Amino acid sequence: MADIDQLRADAMAQIAASDSLEALDQTRVAFLGKQGSISLLMKTLGKMSPEERQSEGPRLNSLRGDVTDATAAKKAALETAALDARLASERVDLSLPAPETPQGSVHPVSQVMDELAEIFADLGFAVKTGPEIEDDWHNFTALNMPESHPARAMHDTFYFPDRLEAGDGTSRRMVLRTHTSPVQIRTMMAEGAPLRIIAPGRVYRSDSDATHTPMFHQIEGLVIDRDIHLGHLKWTLETFLKAFFERDDIVLRLRPSYFPFTEPSVEVDLGWIMENGRRVVGGSPDPDGGDGGTSGWMEVLGSGMVNARVLEAAGLDPAQWQGFAFGTGVDRLAMLKYGMNDLRAFFDGDARWLHHYGFSAFDQPTLSSGVGARA
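All of these numbers come straight from a predicted model, not from anything done at the bench.

Student: Teacher, can you tell me more about helix H7 (residues 181-191) here?
Tutor: The α-helix advances 3.6 residues per turn, and as a result positions three or four apart in sequence lie on the same side. Regarding H7, the residues found buried are Ser181, Pro182, Val183, Gln184, Ile185, Thr187 and Met188. Each element contacted by the buried residues of H7 is listed here: strand S2 (133-135), helix H6 (136-139), strand S5 (195-204), strand S6 (215-225), helix H9 (308-313) and strand S11 (322-329). Count one or two residues on from H7 and you reach glycine 192, which has phi positive near 70°.

Right under this line is the structure:
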């Protein structure tokens, strides 16, 4: 058997002399690789007598352990030196003046919020806001959602352990609002009728996938006046969608549906066609089209006439006042308009994504220049 002490000395010397990670790896392979000096010696243990294995085995194991430890220590030292050199070469002088070119971008959600506010302001709507931490009366009960309604379930709603003591002596559970509809209730109770409002803001639901996130943005609209009917609702939505997507060939389809807070209720589908290999809204979809064809329909809005019970809960007489309401996800509108395919990317905080999809801080939506025009 070769001189183990000499082999240890040679290995330690070559490890110490390695001046790069590549050279160190070559040394490791020469001693510890499958055909390395130490590995070949380890294979000879099987041919030794029991007495020889008892004396030489511990020495070989000690040699392999020492070389392995020395290699790891040298690798850590080389990596630290490389990092120090990189940090020294990439040092930034914070005393230098900032670049003259603006670096900030407006998030697509903020941009779409501004676009929606501009469109509805032109239609005479006021913007209203409300608390994101709501009591269950405003969030559910006043909207004609009974205690047994599935939307109240723990797996759909974020509940707080604290309760609110109401003025009538009842105790109300607190939730992260699941929609901006409570803003409609609060506005009707505070201002009465007639009114015409939109309620944009953050909402929360226990859901997460490519098209759902636990926190997202929603905008709802409410019109309360005398002699309001579904025709007013359809005209409002059609006018809004044409302005938002900046196309005059928008085609809507209203389907009967059910929401506790509207009666009758309708789902609003938007027609789409393929243009340059990309699905875009507008055009005249094939009535039989679908996801596998070249045209079809996609659901974008929920809406309907305000339920009489909701008007009564807000202190309005349904015999005198009627109205319609609608709601849609701001994030999904942004996905449709600007060709995004994953809702979760909106909240990742990736500067590269924002640089690609973000808007210039000077790009203010206006109806005259186009609400979606980029600077």
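Student: How do you make sense of the nonpolar core when you look at a structure like this?
Tutor: Across soluble globular proteins, you tend to see nonpolar side chains buried next to one another. Core analysis: the biggest nonpolar cluster contains 44 residues, and Leu116, Phe240, Leu241, Phe244, Phe245, Leu270 and Phe346 have the highest contact counts within it. If you list the elements that add at least two residues to this core, you get helix H5 (108-122), S6, helix H8 (230-245), strand S8 (262-275), strand S10 (295-306), S11, helix H10 (330-338) and helix H11 (351-357). Those residues in contact with leucine 270 that lie beyond four places of it in its chain are Leu241, Phe245, Ile250, Val251, Leu252, Val281, Gly296, Trp297, Met298 and Val300. In this structure, Phe140, Ile185, Leu316 and Trp321 belong to the second largest nonpolar core, which totals 19 residues.

Student: What is the right way to read the packing of aromatic side chains from this model?
Tutor: Aromatic ring pairs are described here by two measures, namely the spacing of the ring centres and the angle between the planes. Enumeration according to the criterion identifies 11 aromatic pairs in this entry. Plain terms: the ring middles of tyrosine 338 and phenylalanine 359 are 5.1 Å apart, the flat faces sit at 75° to each other, and that makes the pair edge-to-face. Taken together, the positions of tyrosine 338 in helix H10 and phenylalanine 359 in the segment after H11 put the pair 21 residues apart, joining distant regions of the chain. The exposure classification of tyrosine 338 matches that of phenylalanine 359, with both residues buried. Summarising the aromatic geometry, the rings of phenylalanine 346 and tryptophan 353 are spaced 5.3 Å apart at their centres and angled 55° between planes, so their arrangement reads as tilted. Accessibility expressed as a relative area gives 4% for phenylalanine 346, which makes it buried. Here tryptophan 353 falls in the buried class, since its relative accessible area comes to 15%.

Student: So what exactly am I meant to see when it comes to unusual backbone geometry here?
Tutor: Excluding glycine, a negative phi dihedral is what most residues carry, and trans is how most peptide bonds are arranged. A cis geometry characterises the amide bond from alanine 193 onward to proline 194, with omega recorded as 0°. Assignment of secondary structure puts proline 194 in the loop between H7 and S5. In this structure, proline 264 follows glutamate 263 across a cis peptide bond, with omega equal to 0°. Tracing the sequence through the fold places proline 264 in strand S8. At asparagine 144, a position not held by glycine, the phi torsion is positive, near 65°. Here asparagine 144 is to be found in the loop between H6 and strand S3 (159-165). Phi at aspartate 227 is positive, roughly 60°, even though this residue is not glycine.

Student: Sorry, what's going on with the side chain of threonine 187 here?
Tutor: As for its position among the elements, threonine 187 is in helix H7. The exposure class of threonine 187 is buried, given its relative accessible area of 6%. In contact with threonine 187, not counting residues within four places along its chain, are Lys128, Gly192, Leu195 and Ile197.

Student: Mind showing me how you'd approach the sheet that holds S3 here?
Tutor: Hydrogen bonds along the backbone pair up the strands of a sheet, which may run parallel or antiparallel. Taken together, three strands build an open sheet; the order of strands is S2-S4-S3 and the sheet is antiparallel. Edge strands, defined here as strands with exactly one partner in the open sheet, are S2 and S3. Across the sheet, the axes of successive neighbouring strands diverge by a mean angle of 35°, strand direction being ignored. With three bridges joining them, S2 and strand S4 (residues 171-176) adopt antiparallel strand pairing. When the bridges of S4 are listed, aspartate 135 appears paired with methionine 174.

Student: Would you mind showing me how to read the pairing of S8 here?
Tutor: A regular strand places its side chains so that they alternate between the two faces of the sheet. Of all 14 residues that make up S8, 10 are buried, and the element is covered over most of its length. Pairing analysis gives seven bridges linking strand S7 (residues 252-259) to S8, with the strands arranged antiparallel. Within S8, the residue paired with serine 257 across the bridge is serine 265. Where S7 hands over to S8, the hairpin turn is made up of two residues, counted between the paired strands. The sheet contact formed by S8 and S10 spans 10 bridges and is antiparallel. By the bridge assignment, glycine 271 is partnered in S10 with tryptophan 297.

Student: Would you mind going over the pairing of S11 with me for this structure?
Tutor: The element S11 is largely enclosed, with a buried count of seven among its eight residues. As paired strands, S6 and S11 are joined by eight bridges and run antiparallel to one another. Bridge pairing in S11 places aspartate 225 opposite glutamine 322. One ladder, built from four bridges, connects S10 with S11; its direction is antiparallel. Paired with glycine 302 across the bridge in S11 is glycine 327.

Student: Is there a simple way to think about the packing of helix H1 (residues 4-17) against helix H2 (residues 21-32) in this case?
Tutor: Pairs of packed helices are described in terms of their axes, by the angle between the two and the distance that separates them. Running from N to C, H1 and H2 point in directions that differ by 165°, and their axes come no closer than 9 Å. When the axis of H1 is compared with that of H2, the two are roughly antiparallel. Once H1 is placed against H2, the crossing between them reads as left-handed. Across the interface between the two elements, Leu7, Asp10, Ala11, Gln14 and Ile15 of H1 pack against Leu24, Thr27 and Phe31 of H2. Here the residues of the contact of H1 with H2 sort into five nonpolar, two polar and one charged.

Rules used in this analysis
- Residues numbered from 1 in each chain as written.
- Predicted model: local features only at pLDDT ≥ 70, side-chain atom pairs only at ≥ 80, totals over all residues.
- Heavy atoms only, no water.
- Buried < 20%, exposed > 50% of the residue type's maximum accessible area, 1.4 Å probe, protein only.
- Helix = DSSP H or I, 4+ residues; strand = E, 2+ residues; numbered from the N terminus.
- Contact = heavy atoms within 4.5 Å.
- Core = buried A, V, L, I, M, F, W, Y, C linked by side-chain atoms within 4.5 Å.
- Phe/Tyr/Trp six-rings, centres within 6.5 Å; stacked < 30°, edge-to-face > 60°.
- Pairing = 2+ DSSP bridges.
- Axes fitted to C-alpha atoms, helices over the stretch in contact; angles between N-to-C directions.
- Parallel < 35°, antiparallel > 145°, perpendicular 65-115°, else oblique.
- Left-handed = near helix turned anticlockwise from the far one by under 90°.
- Nonpolar A, V, L, I, M, F, W, Y, C, P; charged D, E, K, R; others polar.

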